[in-house]
Amino acid sequence: MEIEYTEQRDWPWLSTEETLTRLEVNAEQGLSGDAVSQRLDRYGLNEIEESAKRGAVQMFLGQFADFMIFVLIVAAVVSGVVGEPQDTIAIMVIVLLNASIGAVQEYRAEKAVAALREMTAPEARVRRDGTSGEVVATNLVPGDIVQIESGGIVPADLRLLEISELKLDESALTGESHAVDKHIEVLSEKDLPLGDQRNMAFKGTMVTSGRGLGVVVATGMSTELGRVAALLQKDEGQKTPLQLRLTHFGQRLAIAVLVICALIFVFGLLRGEPVTLMFLTAVTLAVAAIPEALPAVVTVSLAVGAHKMAARNALIRRLPAVETLGSVTYICADKTGTLTQNKMTVGVLAMDDAQESVLPSEDTAEIHWRLLGQALALNNDAKRQQNDNVSGDPTEVALYTAAHSAGYDKKTLEKAMPRVAELPFDAERRCMTTVHQHGNEVITFSKGAPERILSMCVDRISNTGPAALNIDVLRHEADSLAEEGYRVLAFATRSLENVPTDIVPQILEDGLTFLGFVGLIDPPRSEAAESVRLCSFAGITPVMITGDHAGTARAIAIRIGIIKDGASVLTGSELVQRSPEQLADDVGKTQVYARVDPEQKIKIVEGLQGQGEFVAMTGDGVNDAPALKRAEIGVAMGQKGTDVAREAADMVLLDDNFATIVSAVAEGRRIFDNIRKFIKYTMTSNAGEIWTISLAPFFGLPLPLLPIHILWINLVTDGLPGLALTAEPAERGVMARPPRPPEESIFANGMWQHMIWVGLLIGGLSILSQAWAYHSGTAHWQTMVFTVLTLAQLAHVLAIRSERESLITLGFTTNWPLLGAVVLTVGLQMAVIYVPFLQGIFKTAPLSGLELLICFALAAVVFVAVEIEKWLIRRGHIYRT
């Protein structure tokens, strides 16, 4: 009989006997050495496999597949052919720099898988050939009988056979914030999420208390942890909005440039210009029209943005993610550890028709509250360490902390009321009882599930002593607390004359006096509600996706403002029953998902992406990693997050603060705005050059510029101010506008109209200066055209610092790098005109004072015209969206 365990996922619904029979193993003896060897050969090592890696050379060469990079390489080759090696060098440096940055990013998926490998247990205690011993965990096979105990890591997926007070921390895999009680009974309900498969122990999870015995049912990539690794290896991530826009931009630009330059070449020949001169002019203009500084500007913008974000506790792991934040329309946040503190806390205490958010102080509390405080401290196995940290089950740590904060010190109480007997918690009884000697009497404290504790009580405590018990009222109170997201525990007590001979539930857990309820919760982060409000204000829809229970998810979502009371919550079991069409309809109107597994998180993200949304996914657990990678931008927690999540993410929040995302979104929008401004600037400048050269012949004028003039404008005038635009501060109200539609063109909102009319204006002013100088008989008319073009572009860059605000409102000194670049460029232009050595190289002649004044005056026309355009925009007369 062959054990095709890789196809089996029905282990929780099999009895222990059926499981052992299917795996052909005896629990007392374990597998034989021969069986282990055969299964190891058949099923391989119990390890997370690594996907095939690309070598360093392949990674580097792969970066040149981008269309815009291809256009730049062609431009570099042409520049070299026409004798302009300085342009070739500049372009190739930019291309190589971008390729290097891109290659480095390909290590992310490899590191994510490596982090998964580190989560596995190095050794496991296994029963083989009738004896127990330690083996390397990678050598485990299906059918191995494995022992697990407190503090250890589960080495493979196990079907549990025996347990003793076993609790596992599965938060990294399932998102459930508290330790999970395990049992060995067969499950009846099908299609349960991992968090509800209580008779299973999953690879990579932590044993917080107790011990257990289980049979290995899955190893390596067939484990639930392995499935997460497979999802990480399978997904190749998404292209960012900027990458998509620049690809389209590069394709259209290349076609437009080739057509325009071909027309200029043909028109020149028809006018009788020399073939060589027209070829050089057309090719030079083609090179100039390609904004080779664009990749450098994008890289610098993103790098500067990443540096600013790091100062605000947002570590950028992939540069394009900086800009992607500006396009995000949905933020899908994991609840546990992202919106909440991932720390169980006592949030409410209820007894005798009263509720308190904190336990009343021992010094001032009435007797019934004092009894509850003693119960929290003494019916508790949590311990305070020498470093003041409290160790133990997270629930008991929360109870211990609440009692200690109110003055109920466990160590002090144990001296007066030592524990003399106990009935440990087990999953069948669902309660725990401790027995304490208190002077001449004995007192018991019991805690557990409300329905269990109430069934054992005969009366309740009040401030005047025992009182009648109304179980229906108390059950309703417990249910109400549960609906608010609390994990509810009930406490009870009983007085005895002496310690019973038989420590059994029938004696200790009967005839109890009900004390009260304690509601525990993983509370929201203090800043979560404000962050959600700010996201909504910025047009971003917040969504909670969690592996926790629906009631808890709904309560937390209502508290922080993601949904209102009465809104629906979609669970993982409901998602399983949804068709792709139904899911596509659901994702647009659902903001809270509960009890979902890693694959379902990906489906939710893909459903939103299918509707044209750009999704940011936040999380900190292993279960979040595939969705982090699938989303347009994955955001991991830096302090409490797992290595797997951090390595799969594009951005890591160093302070685990959800509010940091809001700051990052604002920075992303600023960066995209500045990249748009650069494209607006450089393409308008290039349009001005093209209009000047192509229209001058129609006015009976000679060729207005030489190839050297075009390359100078392209290299210096476009380059320095363009780079300085990356330092432009954010536009006013950057977070008051909705996200950019992902399908929106980079030329939207009046940008292409601006490029055409301002380009025509610059070209017209340049031709006007040429016509005046040429017909006036001056010999240096070409220098005037060259200077007007340069100065007009500098006037233009100052005017477009904001798309709406006047430069007078912004102030000249709010972007010192740009002001410095403009002054430097003016100085270099003056040097080209007036330094004799440079006059010979650039074929220029010194201008008179009047001529230079005319050049500055014509350039100022561009500044005034653009300021008028912005005035019209502010009043809503043009470019309305």
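Residues numbered from 1 in each chain as written. Predicted model: local features only at pLDDT ≥ 70, side-chain atom pairs only at ≥ 80, totals over all residues. Heavy atoms only, no water.

Draft legend 1. Structural detail: the overall build of the chain. From N to C terminus, the chain includes 35 helices and 26 strands. By residue count, 56% of the 881 residues in the chain fall in the buried class. Expressed as a percentage of contacts within the chain between residues at least 6 apart in sequence, the contacts between residues at least 24 apart total 72%. (Helix = DSSP H or I, 4+ residues; strand = E, 2+ residues; numbered from the N terminus. Buried < 20%, exposed > 50% of the residue type's maximum accessible area, 1.4 Å probe, protein only. Contact = heavy atoms within 4.5 Å.)

Draft legend 2. A look at helix α35 (residues 849-874). With 26 residues, α35 should cover 38 Å at 1.5 Å per step; its first-to-last C-alpha distance of 38 Å lies within 8% of that length. By the burial criterion, the buried members of α35 are Glu851, Leu852, Cys855, Leu858, Ala859, Val862, Ala865, Val866, Glu867, Glu869, Lys870 and Ile873. Each element contacted by the buried residues of α35 is listed here: α30 (751-775), α31 (781-799), α32 (807-810) and α33 (816-834). Positive backbone phi, approximately 75°, marks glycine 876, located one or two places after α35. (Expected span 1.5 Å × (residues − 1).)

Draft legend 3. A look at the packing of helix α14 (residues 367-378) against helix α15 (residues 394-405). Between α14 and α15, whose axes approach to 8 Å, the crossing angle comes to 135°. Considering the angle they form, α14 stands oblique to α15. α15 is crossed by α14, and the crossing has left-handed handedness. Side by side, α14 and α15 meet where Gly373, Leu376 and Ala377 of the first sit next to Leu399, Ala402 and Ala403 of the second. Counted by class, the contact of α14 with α15 contains five nonpolar, one polar and no charged residues. (Axes fitted to C-alpha atoms, helices over the stretch in contact; angles between N-to-C directions. Parallel < 35°, antiparallel > 145°, perpendicular 65-115°, else oblique. Left-handed = near helix turned anticlockwise from the far one by under 90°. Nonpolar A, V, L, I, M, F, W, Y, C, P; charged D, E, K, R; others polar.)

Draft legend 4. A look at the packing of aromatic side chains. Taken as a whole, this structure holds four aromatic pairs when the rule is applied. When the centroid spacing of 4.9 Å and the interplanar angle of 75° are considered together, the rings of tryptophan 712 and phenylalanine 842 count as edge-to-face. Taken together, the residues tryptophan 712 in helix α28 (residues 707-717) and phenylalanine 842 in helix α34 (residues 836-842) connect sequence positions 130 residues apart. Assessed through its relative accessible area of 14%, tryptophan 712 is described here as buried. (Phe/Tyr/Trp six-rings, centres within 6.5 Å; stacked < 30°, edge-to-face > 60°.)

Draft legend 5. Region of the structure containing the environment of asparagine 440. By the secondary structure assignment, asparagine 440 is in the loop between β15 (431-438) and β16 (441-448). Distance from asparagine 440 to leucine 496, taken between C-alpha atoms, is 9.8 Å for residues 56 residues apart in sequence.

Draft legend 6. Main features of the pattern of salt bridges. On inspection of all chains with the given rule, the structure shows 28 salt bridges. Between glutamate 606 and arginine 630 there is a salt bridge, with the nearest N and O atoms lying 3.1 Å from each other. Of this pair, glutamate 606 sits in helix α24 (residues 598-610) while arginine 630 sits in helix α25 (residues 625-630), placing them 24 residues apart in sequence. Residue glutamate 606 is classed as partly exposed on the basis of its relative accessible area of 35%. (Salt bridge = Lys/Arg side-chain N within 4 Å of Asp/Glu carboxyl O.)

Draft legend 7. Seen up close, the side chain of histidine 796. Within the secondary structure, histidine 796 is located in helix α31. When residues no more than four places from it in sequence are discounted, the contact partners of histidine 796 are Lys680, Tyr681, Thr684, His754, Val758, Val862 and Val866.

Draft legend 8. Local environment of the environment of glycine 407. Position of glycine 407 relative to the elements: it lies in the loop between α15 and α16 (410-416). Each C-alpha atom of the pair glycine 407 and serine 361 lies 6.1 Å from the other, and the pair is 46 residues apart in sequence.

Draft legend 9. Representation of the sheet that holds strand β9 (residues 330-334) within the structure. The sheet built from eight strands is open, its strands ordered β8-β26-β25-β24-β9-β21-β23-β22 with mixed pairing. The open sheet has two edge strands with one neighbour each: β8 (314-316) and β22 (570-571). As paired strands, β8 and strand β26 (residues 651-653) are joined by three bridges and run antiparallel to one another. Looking across to β26, one finds that alanine 314 is bridged to leucine 653. Contacting β8, β9, β24 (615-619), β25 (633-637) and β26, helix α27 (residues 659-695) runs over the sheet at an angle of about 140° to β26. (Pairing = 2+ DSSP bridges.)

Draft legend 10. Region of the structure containing the pairing of strand β21 (residues 541-545). Of all five residues making up β21, four are buried, and the element is well covered by its neighbours. As judged from the two bridges shared by β21 and strand β23 (residues 592-594), these two strands associate in the parallel manner. Looking at β23, one finds that isoleucine 545 is bridged to tyrosine 593.

Draft legend 11. Quick peek at the nonpolar core. Counting 129 residues, the largest nonpolar core has Phe517, Met544, Ile562, Met651 and Ile679 as its most contacted members. Here this core takes 14 residues from α27, the largest share from any one element. In contact with phenylalanine 517, not counting residues within four places along its chain, are Val348, Leu349, Ala350, Pro450, Leu454, Leu474, Glu477, Ala478, Leu481, Val488, Leu489 and Ala490. (Core = buried A, V, L, I, M, F, W, Y, C linked by side-chain atoms within 4.5 Å.)

Draft legend 12. Inspection of unusual backbone geometry at higher detail. Although it is not a glycine, glutamate 165 sits at a positive phi angle of roughly 55°. You can see glutamate 165 is positioned in strand β4 (residues 157-169). In this structure glutamate 165 comes out as partly exposed when scored by relative accessible area, which is 38%.

Draft legend 13. Region of the structure containing α14. Over its 12 residues, α14 runs 16 Å from end to end, which matches the ideal 16 Å to within 8%, given 1.5 Å per residue. Burial analysis of α14 places 10 of its 12 residues in the buried class, the great majority of the element.

Draft legend 14. Main features of the packing of α28 against α31. One way to put it is that α28 packs onto α31 with a least axis distance of 11 Å and a crossing angle of 20°. In terms of their interaxial angle, α28 and α31 are classed as roughly parallel. As α28 packs across α31, the resulting crossing turns out to be right-handed. Contact residues: α28 offers His709, Trp712, Ile713 and Thr717, while α31 offers Gln782, Phe786, Leu789, Thr790, Gln793 and Leu794. Among the residues making up the contact of α28 with α31, the classes are represented as five nonpolar, five polar and no charged.

Draft legend 15. Main features of the environment of isoleucine 367. Looking at where isoleucine 367 falls in the secondary structure, it is placed in helix α14. Isoleucine 367 sits in the exposed class, given a relative accessible area of 52%. Isoleucine 367 sits 97 residues away from threonine 464 along the chain, and the two C-alpha atoms are 8.9 Å apart.

Draft legend 16. Quick look at the pairing of strand β2 (residues 131-136). When strand β1 (residues 123-128) meets β2, the two strands line up antiparallel, connected through six bridges. Bridging across to β2, arginine 127 finds its partner in serine 132. Linking two consecutive strands that pair antiparallel, namely β1 and β2, is a turn of two residues; a positive phi of about 50° is found at aspartate 129 within it.

Draft legend 17. Broad picture of the confidence of the model for the chain. Summing up the model confidence of the chain, the mean pLDDT is 85 and the portion of residues at 70 or higher is 89%. Contacts from residues 1-7, a stretch scored under 50 in pLDDT, to residues over four places away or in other chains number 18 contacts. Confidence over residues 105-110 falls short of pLDDT 50; this stretch has 15 contacts with residues more than four positions distant or in other chains. (pLDDT = per-residue confidence, 0-100.)

Draft legend 18. Layout of a nonpolar patch on the surface. Among the surface-exposed residues, Ile255, Val259, Leu263, Val266, Phe267, Leu270, Phe698 and Phe699 lie close enough to one another that they form a single nonpolar patch of about 860 Å² accessible area. Tracing the backbone shows isoleucine 255 in helix α9 (residues 241-270). Relative accessible area serves as the criterion here: at 57%, isoleucine 255 is assigned to the exposed category. (Patch = residues over 30% accessible without salt bridge, like charges linked within 9 Å, V, L, I, M, F, W, Y side chains within 5 Å. Areas by Shrake-Rupley, 256 points an atom, 1.4 Å probe, with all protein chains shown as cover.)

Draft legend 19. The side chain of glutamine 770, seen in detail. Note that glutamine 770 resides in helix α30. Its relative accessible area of 0% is what places glutamine 770 among the buried residues. In this structure the side chain of glutamine 770 is engaged in a polar contact, spanning 2.9 Å, whose partner is the backbone oxygen of proline 702. If we ignore the near neighbours within four places in the chain, the residues touching glutamine 770 are Ala696, Leu701, Pro702, Leu703, Pro704, Trp781 and Val785. (Polar contact = N/O pair within 3.5 Å; in protein donor to acceptor, adjacent residues only side chain to side chain.)

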